[in-house]
Amino acid sequence: QVQLVESGGGLVQPGGSLRLSCAASGSIFSIYTMAWYRQAPGKQRELVAAITRGDRTNYADSVKLRFTISRDNFKNTVYLQMNSLKPEDTALYYCNVEGILTRGTKFGSWGQGTQVTVSS
């Protein structure tokens, strides 16, 4: 019903920047919360940042002041601008979107993940 397409991951040196994008498509009536999670090898998936339809944001302490989440409600797209990247930011980053379908039911969808590797 809802497809998420992520892009923007890659290999970057410490201190560098990357911008992730996640576009949602399908039978969407409205999107409430859009978020980014990450999972490093051997670790649990953790919330990185989230943004509501009213642009209220929430960040993990480890990324505050370095990462910025934003959204374009016309394009059903969420972005994650990542600056001052550190090796410990290396992980598979997943997009998560929650909202309402055109038939009136709630949905929650995950993207396929995009790899971010921070290494010199």
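Residues numbered from 1 in each chain as written. Predicted model: local features only at pLDDT ≥ 70, side-chain atom pairs only at ≥ 80, totals over all residues. Heavy atoms only, no water.

1. A look at the state of the cysteines
Okay, so step 1: A complete count under the given rule lists one disulfide for this structure.
Okay, so step 2: The disulfide that involves Cys 22 links it to Cys 95, with 2.2 Å between the sulfurs. The chirality of the disulfide connecting Cys 22 with Cys 95 is left-handed, given an S-S dihedral of about -80 degrees. Here Cys 22 is found in strand β3 (residues 18–26), whereas its partner Cys 95 is found in strand β9 (residues 91–101), with 73 residues between them in sequence. Comparing Cys 22 with Cys 95, the two get one shared label, buried. (Disulfide = S-S within 2.5 Å. Helix = DSSP H or I, 4+ residues; strand = E, 2+ residues; numbered from the N terminus. Buried < 20%, exposed > 50% of the residue type's maximum accessible area, 1.4 Å probe, protein only.)

2. Here we look at the sheet that holds β3
Okay, so step 1: Taking strand neighbours across the sheet as the criterion, the four strands line up as β1-β3-β8-β7 in an open arrangement whose pairing is antiparallel. Two strands lie at the open edges of the sheet, namely β1 (2–7) and β7 (67–72), each paired on one side alone. This sheet shows a mean twist of 15 degrees between the axes of neighbouring strands, independent of strand direction.
Okay, so step 2: Sheet topology places β7 next to strand β8 (residues 77–82); six bridges connect them, and they run antiparallel. Residue pairing for β8: Ile 69 is matched across the bridge by Leu 80. (Pairing = 2+ DSSP bridges. Axes fitted to C-alpha atoms, helices over the stretch in contact; angles between N-to-C directions.)

This is a description of form; function is not addressed.
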